[in-house]
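# Coordinate inspection notes
Listed below are the residues making up each chain.
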Amino acid sequence: MKYLAGGEPFSFGDGGGPGVLLLHGFTGSPFEVRALGKMLNDNGFPSLGPVLPGHSTTPAELAHTTAADYFDMAERSFAEARERFSRVYLAGLSLGGLLSLHLNTKYDVSGIICLSTPVFLDPLLAGALPMLSRWMPDFHVPANFAVWQGNVVGYRSVPFNAAPAVLEVLATVKNELDRVHAPLLIIHSKGDPTAPIANAEYIRDHVGSKDARIEVLDGYDHLITVGERLLRFQHHIIGFLNRLQSSPA
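### Brief notes about the overall build of the chain
- Of the regular secondary structure elements, the chain holds eight helices and nine strands.
- Counting across all 249 residues of the chain, residues that qualify as buried make up 52%.
- Within the chain, residue pairs in contact and separated by at least 24 positions form 73% of the contacts whose partners lie at least 6 positions apart.
- Looking at the chain as shown, the accessible area adds up to about 11000 Å², and 55% of this sits on carbon and sulfur atoms.

What follows is the structure in structure tokens.
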């Protein structure tokens, strides 16, 4: 498989001990979480960063990607992480956070970190996307402004018919939050324009986890894992993982 330059899957560190499976967001690539993966490895938590289906190749691939494809890929990646790590933690950005939550409804995980993760969209947008994908399925729209700015590797635009699969993932995970029981750290920007902060509160209030907390960041960022933004909260992640490591498996 030929990936976009800089958007390849990654693996940092050795196996045998605890590790983190990192899942990137919609229209992005592992580049979005690569710096986080390196930081985790530097702090004693090796990491894996796979490519989501339909991503880091061409936008046309998303037209054929289904919700089942996303879920299946997450399960395969989790199986790989379980073979490599003694304790598996999950961390996901946006769509990757949804897939991380979903994995815990089927498997035991040691902890989950949700980054800028939505379980609902603005009602007008959520209502318009299915109609637009039906009327203009091949029409491409700007999708990831960080790519236009040259800050990340991913797709500048995607076809409307890529939306239904993501909406199905959103609806599925929202309805199964009560089956999530792993310790949970939710990190979200106060002014996130893509996934409003109310999403973080909704996740915390509806999961079955007894240990669920939110860290709210100042600013208006959705893509919080790139550049200096990561420095604002990396200590929260390392503290969360170290605390869980000190508890019984």
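Having seen the model, we can carry on.
### So, the packing of helix α2 (residues 67-84) against helix α6 (residues 163-175)
- Taken N-terminus to C-terminus, the directions of α2 and α6 make an angle of 65°; their axes are 8 Å apart at the nearest point. Taken together, the residues of α6 that come into contact with α2 (itself represented by Ala67, Tyr70 and Phe71) are Ala165, Val166, Glu168, Val169, Thr172 and Val173.
- Looking at the contact of α2 with α6, its residues break down into seven nonpolar, one polar and one charged.

### Here we look at unusual backbone geometry
- Not every positive phi belongs to a glycine, and threonine 27 is a case in point at roughly 70°.
- Summarising the element assignment, threonine 27 is placed in the loop between β2 (19-23) and α1 (31-42).
- Even without glycine at this site, serine 116 takes up a positive phi of about 50°.
- Topologically, serine 116 is positioned in the loop between β5 (111-115) and α4 (123-135).

The rules behind these values
- Residues numbered from 1 in each chain as written.
- Predicted model: local features only at pLDDT ≥ 70, side-chain atom pairs only at ≥ 80, totals over all residues.
- Heavy atoms only, no water.
- Helix = DSSP H or I, 4+ residues; strand = E, 2+ residues; numbered from the N terminus.
- Buried < 20%, exposed > 50% of the residue type's maximum accessible area, 1.4 Å probe, protein only.
- Contact = heavy atoms within 4.5 Å.
- Areas by Shrake-Rupley, 256 points an atom, 1.4 Å probe, with all protein chains shown as cover.
- Axes fitted to C-alpha atoms, helices over the stretch in contact; angles between N-to-C directions.
- Nonpolar A, V, L, I, M, F, W, Y, C, P; charged D, E, K, R; others polar.

By themselves, these observations are geometric and do not establish any function.
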